[in-house]
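Notes for the structure review
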Amino acid sequence: MSNTPIKYFINPEVKVENNAVEELHRLLEVNETIETLQKHSPDYFDDPNTGVLEVAITPDFHKGSGIPVGTTLFTRGFVLPQAIGNDINCGMRLYVTDLHEEQIRTNLDAIERNVRHVFFEGGRNIPMTRHMREKMFKEGLIGILDSHKEANGEGIWRYYNEKQQELDLNHVNKMGSFIAESTIGLDDFLGPAELSRDAQIGSLGGGNHFFEIQVVKKVHQGSIASQWGLKEGQVVLMIHTGSVSIGYNSGAWIKEMLKKMYPTSLKHPDNGMYPLPLSERSLPQWKMFWSLLHNAANFAFANRLMLGLMMYKSISDVLGDFEHRLLYDAPHNYLWEEQLEQVGGFLHRKGSCTAKSAEQMMGTPFQYTGEPVFIPGSMGSHSFILAGLGNRDSLFSASHGAGRALSRGDAVKVDDDRFRDFLANFRVINPIDPKRADLRGRSDILKKWEEELKKEAPYAYKDITPVIQSHVDHGMAEIVVEVAPIATVKG
Ligand code: 5GP
Ligand code: MN
Ligand code: MN
């Protein structure tokens, strides 16, 4: 068992699978692996105090593949690439609009048609030069700002407003730019051709990723809500996606690289967790990891930005121009280099948001409010917008969702009536339009579509209310507003 204590602040009403906690303990026996490595080759790690120093779990903690979802880890002298999830820089982006609920509801059929076209039926048009792509991979949103003119305002770039985008940088974690020196990693495992093709930019990805049109149902904290421009009846737009295949392939590649660098004379760790030593960053493996990580993360920021533009196009083509201000873009699968008290190290988050206090956000637009935290429920329940309180013991983190209650396999088995009931009450837009004439009689395709959707149905997720309450009761974040879905787009 790992001897690093796991801190958590979860109300008793939230059911946490015990074996998920046990599983985390087992996977965190990395300190033992580090000791073995230090004995075997004393200079494997530069820092004699290398190790996992702290672990905290969020109220939506649950099993995932590898390290459970909702884990925050502080390490010194090494990083654990497997503790940031497969989807590097998966995150949430939220826009506040000046639209009222009724404007969306009365035009929903036309909006649905546009969304289908732009998102799924070939209407996605994001021309980029090779140079633009390179800038995007290396510099994220700043790279895009510097090079967007090369696209001559074609396709989706028509909706890209330079002035607005420059202001928006302050509304993205780390300005949406994890600067990388190169694209050596991408070149190595994907080949330079990757820079010449579109690499799925503007894709939601499948599963629990979504774009949702939501309405503010209840204001809980009036002063912050008004600073963020939020009021009842108002429409907000929430995007949840990451680095799709770039991140996934990078993650798999990094894992292989870690295995290969492990000393051949030693037995590999039973728990399959491989530490990557910091080694003053001179190791070629470190350089490779650092570059791939940043390239994938920058791609994810760019992906969420493009989805934001696609969403604006889909709605404004029906309703005309409308105001849409970016509130925040927040990664929940990533690695941050931080100082905790006097100790420098790495905060890893897998399915966990950063939730800093107003004081910690000094010098940003959130210095009087705290960092925005988005906690979606499911496609059939309320979601929440909160403000971080910078809880030290939770490693300045908060949940990033309600957390699964049923595994995907079990969710598919839930009886049909519950599923029909859900479909009758909520608007879900996805690549398969069940009303399409050419799909009549294609029960194979429709069945597959239903199965995918069933895995993400509201009953597959925990009740969001006690998850949110845990944040309030333990001083992790305060509730600003509560929103309800009007329509959900699933990839
Ligand atoms: P993850 O990042 O682990 O993939 O999931 C994030 C969270 O999003 C889930 O825990 C769940 O609570 C929430 N979620 C999944 N699908 C939807 C959806 O379609 N709409 C909303 N509002 N939330 C969702
Ligand atoms: Mn995610
Ligand atoms: Mn993801």
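Refer to the structure printed above.
Quick caveat, the model's predicted, so the values are computed rather than measured.

1. With respect to the packing of aromatic side chains
Pairs of aromatic rings are described using the distance from one ring centre to the other and the angle between the two planes. One pass over the full model with this rule turns up 20 aromatic pairs. Between the aromatic rings of Tyr334 and Trp336, the centroid separation amounts to 5.7 Å while the plane-to-plane angle is 85°, which identifies the pairing as edge-to-face. The same class applies to Tyr334 and to Trp336, which are both buried. An aromatic cluster is built from Phe178, Phe301, Tyr334 and Trp336, whose rings are joined through pairwise contacts. Here Arg404 stacks its cationic end above the ring of Tyr461, 5.0 Å away from the centre of that ring. Taking the ring centre of Phe419 as reference, the NZ or CZ of Lys454 above it sits at 5.5 Å.

2. Remarks on the coordination of the manganese ion (ligand 2)
Coordination of the manganese ion (ligand 2) by the protein is provided by Cys90 (SG), His240 (NE2) and His332 (NE2), with metal-donor distances spanning 2.2 to 2.4 Å. Written as a sequence motif, the donor arrangement for the manganese ion (ligand 2) is C-x149-H-x91-H. Separating the manganese ion (ligand 2) from the manganese ion (ligand 3) is a gap of 3.5 Å, bridged by Cys90, which donates to each. With Cys90 in the loop between strand E4 (78-79) and strand E5 (91-100) and His240 in strand E7 (residues 234-241), the pair connects residues that are 150 residues apart, well separated along the chain. As far as burial versus exposure is concerned, Cys90 and His240 are alike and both buried.

3. A closer look at the site of ligand 1
Around ligand 1, 17 residues are found, and the nearest of them are Asn208, Glu212, Gly377, His400 and Ala402. Measuring from an oxygen atom of ligand 1, one finds a side-chain N or O atom of His240 at 3.1 Å. Contact distances for ligand 1 include 2.5 Å between an oxygen atom and a backbone N or O atom of Gly377. For ligand 1, the accessible surface in isolation is 520 Å², of which the surrounding protein chains cover 94%. Broken down by secondary-structure element, the contributors of at least two residues to the shell around ligand 1 are strand E6 (210-219) and strand E17 (477-490). Residues of the shell around ligand 1, tallied by class, amount to five nonpolar, ten polar and two charged.

The rules behind these values
Residues numbered from 1 in each chain as written. Chains lettered and ligands numbered in written order. Predicted model: local features only at pLDDT ≥ 70, side-chain atom pairs only at ≥ 80, totals over all residues. Heavy atoms only, no water. Phe/Tyr/Trp six-rings, centres within 6.5 Å; stacked < 30°, edge-to-face > 60°. Buried < 20%, exposed > 50% of the residue type's maximum accessible area, 1.4 Å probe, protein only. Lys NZ or Arg CZ within 6 Å of the ring centre and 35° of its normal. Donors = N, O, S within 2.8 Å, 3.2 Å for Na, K, Ca; no water. Helix = DSSP H or I, 4+ residues; strand = E, 2+ residues; numbered from the N terminus. Near = heavy atom within 4 Å. Polar contact = N/O pair within 3.5 Å; in protein donor to acceptor, adjacent residues only side chain to side chain. Areas by Shrake-Rupley, 256 points an atom, 1.4 Å probe, with all protein chains shown as cover. Nonpolar A, V, L, I, M, F, W, Y, C, P; charged D, E, K, R; others polar.

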